[in-house]
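Coordinates in review
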Amino acid sequence: MALTNSVLEGNRLALARVLTQVENDSSEGRAALAELFPHTGKAHLIGVTGASGTGKSSLVNQLALHYRKSDVSRKRIAIVAVDPSSPFTGGAVLGDRVRMRDLSGDHGVFIRSMASRGSLGGIAQTTAALTQVFDAAGFEIIIIETVGAGQSEVDIARLAHTTLVVEAPGLGDEIQAIKAGILEIADVLVINKADRPGVENTERALRSNLELAHPTQRVFRHHGQSMSVTRPEADATLWLPPIHKTVATEGKGIAELAESIAKHAAHLRQSGDWAARDRARLGSELEAVLQEALKARFHENIPNEKYEEIVEKVLSRNLSPREAVKSLLNGSSR
Ligand SMILES: Nc1nc2c(ncn2[C@@H]2O[C@H](COP(=O)(O)OP(=O)(O)O)[C@@H](O)[C@H]2O)c(=O)[nH]1
Ligand SMILES: [Mg+2]
């Protein structure tokens, strides 16, 4: 209780300790989360995702600097960097730290690097938990940086109110990202490294695929005739993801990008999507915790030998996995 109070009062040491407890999923961490949870729900969560090397960390660094410098209200910024490919001692995380040195010494900014732990669902869950700690601690903007284009990144991106998908020219990432359906979760697209050759190609590829992921034309059947309606005039509640070109290393395009992010937040609030996203996020968190708890309870009630016996029956093809679960739930091994 004393520790969480210190977090609420803005004590950085207490914050660091609670973040560690939460990341380790210790009993102290769980207790702290429960105490902090009523204080959450205020922050704007911004997800930044894309392939490794596209310049996400550089971009996040610049965005944070921009917020700290330009914003009259000097919002406090937390950064959660999730990089399963690099453990805590690894070079990439160290590199991130070095690149983020512009921000060190600024007490309005808190950076936390996190490496992979446990299952894929575990990463998303841990990230959500860390985000809640920052939210309760009063950080108005929380940026979550994730690598790659896989399902786990999509899950982590779903935590955010606003998702930035970062591409860079010449990496052939367009195709990779599109395959993973990552454009569908993009609220704002960023072509970073716009100082490099091939920007036009990347932009063209993105634009045509964006059309597929976020159709601008909606076809309605009306009295047997098909009518095509183009947004946004047709439906002001729809958001068409803008494409921004940036050079993170030089801070180019950052102010415009920040403006789009702010516009998206305003759009979410006006359209009611802010609440909808909160609901979806907390709903899926609830679902994940429930699944975990039910599974744990289930395993507590089934003796190990019994479980192994059933597994053997499945292996010998005497029982299908579905039948196996049924008999485990019924408490009989058939
Ligand atoms: N030329 C150029 N290089 C950049 C730009 N942004 C980042 N980089 C460099 O690209 C490399 C990867 O950047 P990083 O931010 O670590 O990418 P991340 O893996 O997506 O987080 C670093 O060497 C950066 O200095 C940019 O806009 N232009
Ligand atoms: Mg990075």
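What comes next is a walk through the structure. Small disclaimer: the values here were computed from a predicted structure and weren't measured.

What counts and what doesn't
Counting restarts for each chain: residues are numbered from 1 in the order of the written sequence. The lettering of chains begins at A and the numbering of ligands begins at 1, in the order of writing. Local features in a predicted model are, by the rule used here, given only for residues with pLDDT of at least 70; side-chain atom pairs are given and counted only at 80 or more, and totals for whole chains, interfaces and linings are based on all residues. Hydrogen atoms and water are omitted, and side-chain values are computed over all heavy atoms in the structure. Where helices and strands are cited, they refer to DSSP runs of H or I of at least four residues and of E of at least two residues respectively, numbered from the N terminus. Throughout this description, buried means an accessible area under 20% of the type-specific maximum (1.4 Å probe, protein chains only), exposed means over 50%, and partly exposed covers the range between. Side-chain rings of Phe, Tyr and Trp, where Trp is taken by its six-membered ring, are said to pair if the distance between their centres is within 6.5 Å; with planes under 30 degrees apart they count as stacked, over 60 as edge-to-face, and otherwise as tilted. Working rule: Lys NZ or Arg CZ, within 6 Å of ring centre, within 35 degrees of ring normal, means a charge sits over the ring. What makes two strands pair is DSSP finding at least two bridges between them. Lines are fitted to the C-alpha atoms to define the axes, a helix being fitted only along its stretch in contact, and any angle between axes, read from their N-to-C directions, falls within 0 to 180 degrees. A 2.8 Å cut-off from the metal defines N, O and S donors, relaxed to 3.2 Å for Na, K and Ca; water is not in the atom list, so some sites may appear incomplete. An angle below 35 degrees is read as roughly parallel, one above 145 as roughly antiparallel, one from 65 to 115 as roughly perpendicular, and any other as oblique. By the definition used in this description, the sense in which the near helix is turned from the far one sets the handedness, with an anticlockwise turn below a right angle giving left-handed and a clockwise turn giving right-handed. Whether two residues are in contact is decided by their heavy atoms, any of which lying within 4.5 Å being enough. Under the scheme applied, nonpolar residues are Ala, Val, Leu, Ile, Met, Phe, Trp, Tyr, Cys and Pro; charged residues are Asp, Glu, Lys and Arg; polar residues are all the others, including Gly. Think of a nonpolar core as a cluster: buried Ala, Val, Leu, Ile, Met, Phe, Trp, Tyr and Cys residues, connected wherever their side-chain atoms sit within 4.5 Å.

**Side note on the environment of Thr162**
Counting through the fold element by element, Thr162 comes out in strand β5 (residues 162–167). Among the residues examined, Thr162 registers a relative accessible area of 0% and is labelled buried. C-alpha separation for the pair Thr162 and Trp274, spaced 112 residues apart in sequence, amounts to 9.6 Å.

**Comments concerning the packing of aromatic side chains**
Within this structure, the stated rule accounts for 3 aromatic pairs. Between Phe110 and Phe139, the ring centres sit 6.5 Å apart and the planes meet at 80 degrees, which makes this aromatic pair edge-to-face. Of this pair, Phe110 sits in strand β3 (residues 109–114) while Phe139 is found in the loop between α6 (120–136) and β4 (141–147), placing the two residues 29 residues apart along the sequence. Taking the relative accessible area as the measure of exposure, Phe110 reaches 10% and is therefore buried. Through a chain of ring-to-ring contacts, three or more aromatic side chains come together here, namely Phe110, Phe134 and Phe139. Residue placement shows Arg76 over the ring face of Phe139; its charged tip is 4.2 Å from the ring centre. Just above the ring of Trp274 sits the side chain of Arg269; from NZ or CZ to the centre is 3.8 Å.

**Here's the deal with the sheet that holds strand β9 (residues 243–245)**
Here 7 strands make up an open sheet; going across it, the order is β3-β2-β4-β1-β5-β6-β9 and the pairing parallel. Looking at the sheet topology across the chains shown, the edges are occupied by β3 and β9. Taken over all neighbouring pairs, the strand axes of this sheet differ in orientation by 20 degrees on average, direction set aside. Across 5 bridges, the pairing between strand β1 (residues 44–50) and β5 is parallel. Bridging from a neighbouring strand, Ile46 pairs with Thr162 of β5.

**What about the pairing of β3?**
Residues in a regular strand project their side chains so that they alternate between the two faces of the sheet. β3 sits mainly inside the fold: 5 of its 6 residues count as buried. Examined bridge by bridge, strand β2 (residues 77–82) and β3 share 6 bridges and lie parallel to one another. Looking across to β3, one finds that Ala78 is bridged to Phe110.

**Concerning the coordination of the magnesium ion (ligand 2)**
The magnesium ion (ligand 2) binds to the protein through Ser57 (OG) and Glu145 (OE); the donor distances cover 2.1 to 2.2 Å. Here the residue Ser57 occupies a position in helix α4 (residues 56–70), and Glu145 occupies one in strand β4, the gap between them amounting to 88 residues. Considered together, Ser57 and Glu145 belong to a single accessibility category, that of buried residues.

**Things to note about the packing of helix α12 (residues 304–315) against helix α13 (residues 321–330)**
Their axes nearest at 9 Å, the elements α12 and α13 cross at an angle of 155 degrees. As judged from the angle between their axes, α12 and α13 are roughly antiparallel. Seen from above, α12 lies across α13 with right-handed handedness. Taking contact as the criterion, the partners of Lys306, Tyr307, Ile310 and Val314 in α12 are, on α13, Pro321, Ala324, Ser327 and Leu328. When the residues that make up the contact of α12 with α13 are grouped by side-chain class, the tally is 6 nonpolar, 1 polar and 1 charged.

**As for the nonpolar core**
Leu15, Val133, Phe134, Phe139 and Ile142 are the most contacted members of the largest nonpolar core, which totals 31 residues. Tallying contributions element by element places α6 first for this core, with 8 residues. Excluding its chain neighbours within four sequence positions, the residues that come into contact with Val133 are Leu15, Val18, Leu19, Val22, Leu33 and Leu36.

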